[in-house]
Number of protein chains: 6
Amino acid sequence: MKRVVTLGEIMLRLSTPGFERFVQADSFDVCYGGGEANCCVSLSNYGLETRFVTKVPKNDIGQSAVNSLRRYGVDTNFIARGGDRLGIYFLETGASQRASTVIYDRAHAAIAEAKVDEFNWDEIFDGVDWFHFTGITPALSDDAAELTLAALKAAKAKNITVSVDLNYRKKLWSEAKAKEVMTGLMDYVDVCIGNEEDAEKVFGIKAADTDISKGEISHGAYEEVARQIIEKFGVKLVASTLRESYSASDNGWSAILFDGEKSYLSKKYELRIVDRVGGGDSFASGLIYGLVTEMPYQDALEFAVAASALKHTIPGDTNHVSKDEVLALAGGDGSGRVQR
Amino acid sequence: MKRVVTLGEIMLRLSTPGFERFVQADSFDVCYGGGEANCCVSLSNYGLETRFVTKVPKNDIGQSAVNSLRRYGVDTNFIARGGDRLGIYFLETGASQRASTVIYDRAHAAIAEAKVDEFNWDEIFDGVDWFHFTGITPALSDDAAELTLAALKAAKAKNITVSVDLNYRKKLWSEAKAKEVMTGLMDYVDVCIGNEEDAEKVFGIKAADTDISKGEISHGAYEEVARQIIEKFGVKLVASTLRESYSASDNGWSAILFDGEKSYLSKKYELRIVDRVGGGDSFASGLIYGLVTEMPYQDALEFAVAASALKHTIPGDTNHVSKDEVLALAGGDGSGRVQR
Amino acid sequence: MKRVVTLGEIMLRLSTPGFERFVQADSFDVCYGGGEANCCVSLSNYGLETRFVTKVPKNDIGQSAVNSLRRYGVDTNFIARGGDRLGIYFLETGASQRASTVIYDRAHAAIAEAKVDEFNWDEIFDGVDWFHFTGITPALSDDAAELTLAALKAAKAKNITVSVDLNYRKKLWSEAKAKEVMTGLMDYVDVCIGNEEDAEKVFGIKAADTDISKGEISHGAYEEVARQIIEKFGVKLVASTLRESYSASDNGWSAILFDGEKSYLSKKYELRIVDRVGGGDSFASGLIYGLVTEMPYQDALEFAVAASALKHTIPGDTNHVSKDEVLALAGGDGSGRVQR
Amino acid sequence: MKRVVTLGEIMLRLSTPGFERFVQADSFDVCYGGGEANCCVSLSNYGLETRFVTKVPKNDIGQSAVNSLRRYGVDTNFIARGGDRLGIYFLETGASQRASTVIYDRAHAAIAEAKVDEFNWDEIFDGVDWFHFTGITPALSDDAAELTLAALKAAKAKNITVSVDLNYRKKLWSEAKAKEVMTGLMDYVDVCIGNEEDAEKVFGIKAADTDISKGEISHGAYEEVARQIIEKFGVKLVASTLRESYSASDNGWSAILFDGEKSYLSKKYELRIVDRVGGGDSFASGLIYGLVTEMPYQDALEFAVAASALKHTIPGDTNHVSKDEVLALAGGDGSGRVQR
Amino acid sequence: MKRVVTLGEIMLRLSTPGFERFVQADSFDVCYGGGEANCCVSLSNYGLETRFVTKVPKNDIGQSAVNSLRRYGVDTNFIARGGDRLGIYFLETGASQRASTVIYDRAHAAIAEAKVDEFNWDEIFDGVDWFHFTGITPALSDDAAELTLAALKAAKAKNITVSVDLNYRKKLWSEAKAKEVMTGLMDYVDVCIGNEEDAEKVFGIKAADTDISKGEISHGAYEEVARQIIEKFGVKLVASTLRESYSASDNGWSAILFDGEKSYLSKKYELRIVDRVGGGDSFASGLIYGLVTEMPYQDALEFAVAASALKHTIPGDTNHVSKDEVLALAGGDGSGRVQR
Amino acid sequence: MKRVVTLGEIMLRLSTPGFERFVQADSFDVCYGGGEANCCVSLSNYGLETRFVTKVPKNDIGQSAVNSLRRYGVDTNFIARGGDRLGIYFLETGASQRASTVIYDRAHAAIAEAKVDEFNWDEIFDGVDWFHFTGITPALSDDAAELTLAALKAAKAKNITVSVDLNYRKKLWSEAKAKEVMTGLMDYVDVCIGNEEDAEKVFGIKAADTDISKGEISHGAYEEVARQIIEKFGVKLVASTLRESYSASDNGWSAILFDGEKSYLSKKYELRIVDRVGGGDSFASGLIYGLVTEMPYQDALEFAVAASALKHTIPGDTNHVSKDEVLALAGGDGSGRVQR
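Here is what the cut-offs are and how they apply
- Residues numbered from 1 in each chain as written.
- Chains lettered and ligands numbered in written order.
- Predicted model: local features only at pLDDT ≥ 70, side-chain atom pairs only at ≥ 80, totals over all residues.
- Helix = DSSP H or I, 4+ residues; strand = E, 2+ residues; numbered from the N terminus.
- Rg over C-alpha atoms; globule rule 2.2 N^0.38 Å.
- Buried ≥ 20, exposed ≤ 12 C-beta atoms within 10 Å, placed from the backbone.
- Contact = placed C-beta atoms within 7 Å.
- pLDDT = per-residue confidence, 0-100.
- Least-squares fit on C-alpha atoms with pLDDT ≥ 70 in both.
- Nonpolar A, V, L, I, M, F, W, Y, C, P; charged D, E, K, R; others polar.
- Pairing = 2+ DSSP bridges.
- Axes fitted to C-alpha atoms, helices over the stretch in contact; angles between N-to-C directions.
- Parallel < 35°, antiparallel > 145°, perpendicular 65-115°, else oblique.
- Right-handed = clockwise from strand over helix to strand, strands pointing away.

Caption draft 1: Structural context of the overall build of chain A. On a plain count of helices and strands, chain A comes out with 11 helices and 15 strands. Its C-alpha atoms give chain A a radius of gyration of 19 Å, within 12% of the compact-globule value 20 Å for 340 residues. Taken along the three principal axes of its C-alpha coordinates, chain A extends 50 × 45 × 40 Å. In chain A, buried positions account for 62% of the 340 residues. For chain A, the share of sequence-separated contacts (at least 6 apart) that also reach a separation of at least 24 residues comes to 71%.

Caption draft 2: Quick peek at the confidence of the model for chain A. Here chain A averages 96 in pLDDT, and 97% of its residues register 70 or above. Reported confidence for the predicted complex is 0.95 by ipTM and 0.97 by pTM.

Caption draft 3: Structural view of the relation of the copies chain B and chain A. Screw-axis analysis of chain B against chain A gives a translation of 0.0 Å along the axis, an RMSD of 0.0 Å, and a rotation angle of 120 degrees. Considering both components of the superposition, the chain copies are consistent with a three-fold axis. The rotation axis passes nearest to the C-alpha of B:Gly18 in chain B, at a distance of 5.0 Å.

Caption draft 4: The arrangement of the interface of chain B and chain A in detail. With 23 residues of chain B at the contact, the number on the chain A side is 20 residues. A per-class count over the side of chain B that touches chain A returns six nonpolar, 11 polar and six charged.

Caption draft 5: Geometry of helix α2 (residues 60-70) of chain F. Burial analysis of α2(F) places 10 of its 11 residues in the buried class, the great majority of the element. Here α2(F) has its buried residues at F:Asp60, F:Ile61, F:Gly62, F:Gln63, F:Ser64, F:Ala65, F:Val66, F:Ser68, F:Leu69 and F:Arg70.

Caption draft 6: Inspection of the sheet that holds strand β7 (residues 88-92) of chain E at higher detail. In space, the eight strands of this open sheet follow the order β8(B)-β7(B)-β2(B)-β3(B)-β3(E)-β2(E)-β7(E)-β8(E), with mixed pairing throughout. Of all strands in the sheet, those bounded by a partner on one side alone are β8 (101-105) of chain B together with β8 (101-105) of chain E. Within the sheet, the average angular offset between the axes of one strand and its neighbour, ignoring direction, is 30 degrees. As paired strands, strand β2 (residues 11-15) of chain B and strand β3 (residues 27-33) of chain B are joined by five bridges and run antiparallel to one another. By the bridge assignment, B:Met11 is partnered in β3(B) with B:Gly33.

Caption draft 7: Representation of the packing of helix α6 (residues 175-186) of chain D against helix α7 (residues 196-203) of chain D. Residue and element names in this part refer to chain D. Relative orientation of the contacting elements α6 and α7 amounts to 90 degrees, with a least axis distance of 7 Å. Taken together, the axis directions place α6 and α7 in an arrangement best described as roughly perpendicular. Only Lys 201, Val 202 and Phe 203 of α7 make contact with α6, whose side of the interface consists of Glu 175, Ala 178, Lys 179 and Met 182. Broken down by class, the residue content of the contact of α6 with α7 amounts to four nonpolar, no polar and three charged.

Caption draft 8: The arrangement of the environment of F:Gly204 in detail. All names here are of chain F. Within the element layout of this structure, Gly 204 appears in the loop between α7 (196-203) and α8 (219-233). Judged by the 11 C-beta atoms lying within 10 Å of it, Gly 204 falls in the exposed class. In the structure, Gly 204 is positioned 28 residues away from Ala 176 in sequence and 9.5 Å away in space, judged by C-alpha atoms.

Caption draft 9: Layout of the packing of helix α5 (residues 142-157) of chain B against helix α6 (residues 175-186) of chain B. Residues and elements named next belong to chain B. Direction vectors running N to C along α5 and α6 enclose 10 degrees, while the axes themselves pass 10 Å from each other. The orientation of α5 relative to α6 falls into the category roughly parallel. Facing α5, whose interface residues are Ala 145, Thr 148, Leu 149 and Leu 152, α6 presents Val 181, Gly 184 and Leu 185. Here the contact of α5 with α6 is built from residues that sort into five nonpolar, two polar and no charged.

Caption draft 10: Representation of the sheet that holds strand β7 (residues 88-92) of chain F in the model. If you walk across this open sheet you meet the eight strands as β8(A)-β7(A)-β2(A)-β3(A)-β3(F)-β2(F)-β7(F)-β8(F), and the pairing is mixed. Every interior strand has two partners, whereas the edge strands, β8 (101-105) of chain A together with β8 (101-105) of chain F, have only one. Neighbour-to-neighbour, the strand axes of this sheet turn through a mean angle of 30 degrees, independent of strand direction. Pairing between strand β2 (residues 11-15) of chain A and strand β7 (residues 88-92) of chain A: four bridges, direction parallel. Residue pairing for β7(A): A:Arg13 is matched across the bridge by A:Tyr89. Contacting β7 and β8 of chain A together with β2 (11-15) and β3 (27-33) of chain F, α2(F) runs over the sheet at an angle of about 60 degrees to β3(F).

Caption draft 11: Expanded view of the pairing of strand β10 (residues 161-165) of chain E. Residues and elements named next belong to chain E. β10 sits mainly inside the fold: four of its five residues count as buried. Strand direction decides the pairing type here: strand β9 (residues 130-134) and β10, joined by five bridges, are parallel. For Trp 130, the partnering residue across the bridge sits in β10 and is Thr 161. Pairing of β10 with strand β11 (residues 191-193) involves three bridges; the strand directions are parallel. Among the inter-strand pairings, Asp 165 is bridged to a residue of β11, identified as Ile 193. Where the polypeptide runs from β10 across helix α6 (residues 175-186) and back to β11, its parallel neighbour, the crossover connection is right-handed.

Caption draft 12: How the structure looks around the environment of E:Ser174. Structurally, E:Ser174 is set in the loop between β10 and α6. Sequence separation between E:Ser174 and E:Lys267 is 93 residues, and the spatial gap between their C-alpha atoms is 35 Å.

Caption draft 13: Representation of unusual backbone geometry in the model. The phi dihedral of A:His108 falls on the positive side, at around 70 degrees, and the residue is not glycine. By the element assignment, A:His108 lies in the loop between β8 and α3 (121-124). For A:His108, a count of 17 C-beta atoms within 10 Å puts it in the partly exposed group. One non-glycine residue, F:Ser96, lies in positive phi territory at about 50 degrees. Along the chain, the position of F:Ser96 falls in the loop between β7 and β8.

Here it is, written out as structure tokens:
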């Protein structure tokens, strides 16, 4: 069985019930998530062995975060304990013309203040096939960036395939800082996931004559961006979801993969959205699953985009779908007939 | 006032809240339902006198099932008590490309092990106008099939009109067994409800050049199927819903009725689905209502399809709409303007 | 900062959870609202100073209504206490072809039996820029109509701009009574909000060759109606929302404003509806905000229609959106991308 | 099987969840109840045939009240439909030193405005053994008092045993009015339930040297009161619960019955209270059950007090316990060991 | 770190919210539990390595049961998959004089039909220090009894300490059958947990002149029973909780341990009960923890009884307390002051 | 009407439902509270004018905290906006031997980093009669201590009466730091609330021969402590609650007040606890109410202890009781009889 490790932050997510706004809420629904943690849960649901590396405080909130991963089969034995707090994010779910809103309260989280020597990467990567991280982790703090670099070096020393999801977050760092740090990390990356906006904000890479603010989908432009990423950093594959945001309730959803020579385009799904948080992570984990199990590129891409289409119908950060469910949708059954 | 009797299983339904998957749920919403029970509640809501016949265990779960029927006016005085358990089904409600999923835990239910002599059909059918059952009841067990046959004989002896909803369930019996048993029961049937898939699976009847797996709606093909059913079993009417499953959230919904000479087509509704379980039962009960109150065929069909369109907007198995609400929709008011 | 006063009823709203029908409900969600109260909350959310005038009973249900206003910054110091009860309305939220249903239980409410001398309009209107009421208030009772007239006279004496939302409610009064009372009040009105149906039912004003029951949107017809209102009553502006009710789940939403010379048409939004109650009030408060802060007419109209588009996505009677959120949507961002 | 009829009001009960106060509540738990309705449900739970007579409005709130009775087997066929509204009461549940609080909103209820000729007492009382009412019903209005009198006359004409629970409610009528009306009704009563406070407030009957405001339990004083009631009105039995209110969470609970010659005292239970509303009604229905099934007086009293002890542990107005559960407790098993 | 294995059934528990009775419930709270599973979770919470052995169906209900164990750190890798269903039990929580009630629906559960060859005990017991089972497991079926015996033989072959909790369940087997089967299993047992009732029902062992139905606590009588168990079966230790059931809300709680020579008595706690299900299991797991970590007998007993006192305050089957919390209570801090 | 100002932190409180432990929770109940904010709400509920001074972040979580105060009538116009976050605390409610547990996540809260010049004390204290703070506020940070001192100087300059609740929190500062800072603030204090533990930890003041860890109540010892506080700091009154923690469910509750000459002892209440958080704040606000409205000392003390007894029955941080309810309990009515 293939083994995947991810490194990142897991946060307490507090979301208002139904479509309530924050100022209306008298209770919050609780779950725990974060880009890399979400990938572990999803890959564990597909049947892989996964291990999540982070640091959480020594209290029952930290323990609850760990438990949320164990519940779905993620190995949590290398999670460090200590620090001041677990990062939190507040979510209200939008609808129609009203966007979902996130308020972050993640400063001073344990993982942001973790040190390199708290983790034994040699043990962590023992027998591991794939390592995944996102651009959020090094953005958390200089310590976290250093920790990411250490992990990447250790991964490469063991010939582990490395993927990154660029995930630029403007509230965490400036474009300049992101470029500086991420450029240094890209040397270790084999598979790069990131949309046009990420590429421009993080690396200043963009297609000629494109205005990303318009939200139009251009396969050609994306291929140009992907080609530049491959040329600049020597990665093997570049992939991106292609989200068409009609409204907070309805999106078009497809994806593209470029291997340096050829672009692979997925089917497009018309989504009725239940919870779009974690949509990108479910794509990343779907793609990792496809690639680590050696599906052909087109199949891996279709698996990834079908997996993430399903994620949009599931409340919470994480994607609770089986491999068979994803394959059924990728194979064409999106009719939604009751499964008895 | 017209009187209708149905015979079948009533189950405890345990559904996850919102769009949660089973593995996420910390509570289940509770209701009680089953094809024939659902018809009784719906017909009672239209103002008819209804009586439901089943067997439930002598405990508070069984009693709760009975209470769920009494609450809406169904006569439960002929429900037998005893046996080991009430059947259960678990439901998670899908959305968009993710289908709703049902896990059945209905083996060894009291009704599946009930004996013919536990029911006094002479009393049960006293003053009754219509008897309805579905293909699920005889599929439960040989005892249940025998019970169904006894009921049909008693109904016919009193000149009660009989309807069946074929409802083929592959987890309950094989196509061969279904064909054998159902063929024996069809002699007593006046009105047969069933879609193309049911007809093929249960009777091996299909239209030439049709592939039901494609999900396309062909009125002509259905008429051909209906004609064969009439010819083979001598029933008077054959009807079917015509569901177009765009996704778990959106369906097209219409129906067709064939009287041996002419096909009646209903209006088609574009549905936003809240809960599609019981959709077929709400069509059956709508049709029974129309026919037993002697509406013209077209009106009865429009009543049935409008009734079941409304069911898709109501949580739970049963259809809580009044006759006036159905008539208003059938009459053209689907604008959804607030009723003040 | 601009100051707005409204006068009207605030009711206890009891709504079934999810899409449950009344007969299914074991709990009700609680909020407090009413046309004029909703306007105050919304205007307070935009940053204005608002004051709501009503009467509530001296018990904790009345106090809870007051608290629901204070919570969002409305000045409640001029609310009278006494009388027998707070009006109640029951709501079940529809979907697809099933309309939302309201059951009113508002007779004998404290405000319906309040007397003119319970309110000191001189203090209430001190430093106030705008007074708003709806056709519901004078419809409550003869006392309430007298109270409304007293408020209007006091407002005019202070040169306060006055707006009315016609809001004809057939369960509260006849067309004849409405015409008689409302005609007497229109002398004091500067801005009249009302759709074609209101205009016809209250004033007998309609466009030639128009049948409002068809639900078609005709800008020309509405302009004709608006022109008649202006000519008859000397108001300065007439406005109306233009709702296209495709179903209880989906509506088209736009608006029109006529200043006696020119018609202004807003953008049109395609709405996925969470809760449409209070949609008209959110339009009225948006328009008042635009006008009282002296936006150009087109901008004020766009603000109003964007504000009310957002309201349809928020549970409860009141519109919890900020000025910036409305401006962002009016400015074109309805993509629903997550706001991080 | 014995048949019991009761006449009275059924109200919508809206209670705050947990121990929330009204001003904190964002939802209300919903049930339907009232003294006489509660008795019917309880007696139905013991296996008797029961019939509840009232009037409810022709809307889904009225229907829900009816359904709440049907659910537990009460015959609702003689409930009149019409009028303006269903009475409502709001409840917050106290604890420790904080008492439960009730806000009534019951004026103008359909039953308060019902007329004598809306009920066919000849049919209602066909085959009936017992008729029960409380002092609340005639207190609702003059119409309701007249209706009560008509019912009593009809009951007596059929030799039906009649019981009353005095239940003085100071918000509904004055002591003088109560005395006048109730005195006229007592001629028809066989069994009178009422505590010392009721006796004093309604009839001016009290024991010498007793101060009911102290809350002390004196069997001797109660016997003196009971004797006066028997002497004055010729009833056969007088009974009362003896509540010792230590706090809102803990009560002592016993009862006394006087047959004109001898006082019967029950065991005393120390109660941990979940919901004490309906406690008196559960005593009345327990006593009626004991008497109508011809238990010896001591047994009937023990049944009644055990039944009502159990009611205090059940949320809602009505007592959902079986005859066997009551007998087990009356027989001595109050250990609370898990019943597996 | 010490390793403990348990074998048994894990069931879906469906409990009514608050103090609702089954016939009132519209939702069930969901958790998963069973005697031996509960012990694993509790021991895992104390920091031990635990492994639970059972069989669950290959569906999402079975998976949810597994997840509920993984969530708290239990090794679930040796759980077999297959069979028809997961056992279910329904629970309503009592209060005061009303006992909690359990309805079992556990027949045909996967574990009851599991075969010996589905488990590799050699791997399961690798490096294990303690094996625990209860009398429920062999009572499930002959297959389950055979499976238990196989486990015991394998445990003994590896010199693993074995404990049993007798837990006689009259609905699962007769006293005769229990005696026959359990006697055969006792040869492998080192530590026997069971109260007087268990000892009498399973082995016919009782103290002279004692009537267990009275519920009185007699240390001397229990010692006599324990001595007989030791003499008959050669076990090293016998222990029992001593529950004084004042009511469903309040219990006295202590325990006794006998080592063949001396009786150890614990402190006694006066409990306010939140959820007493799993109380015995929390005692067993506390005792196992104390013994496997080589506490002196008195300390181990105090740990066990303090642990189980805390369990009574926690909803669900399982005991979520840390070692430190138990030690603090055993050490005397039961004041309930807020831990900040 | 009297006016009271308080200064302090308001936090987001996230509590598990029912008696769930943190590791079980899938939702949190939301309220907002903090010692000084709780006092404002309570005093506002008694009818005083109150003003709360703090700083909250400019986001909807901060706004929700403000709204929670406005809802109950607190003036929030002087709350500063800005900073990084709102402090959070997590709460699980204990029962019986299991204590409630609080996890604080309050570092870096906006108020902890607020500067003196963000508040205009001259305006804040305009027309104010009383200023209250607790020892928590200066413990938050050096900035907060400086802010507290500035407020005290401004208050004294306007001859405003000042009260403090010592409230030592060991997680916020050391005893040494507390002593240093608090000693400097005591010069401005008129009324000092604090128990023996506070006095010892903050000032090193204790009675001879007393061991506070035993939890015994000694009026004499407390008088000795109070006398020392008065002598050392020149305050006029010293008061303390006297909590007897039998368990997390049951407490004895009384209080003592010393005026330098005489000790006043209150009645003692036996409490069944619903939510004890905020119990001390409800005592402080009750005492302030009594003193600011010039009740005699004994009456003020009885008011305070009755008020706080009631608080223990109300979920959330704040005390929602009216003046009349407190007076009724202080006057002797703790019987918990239903208030109809």
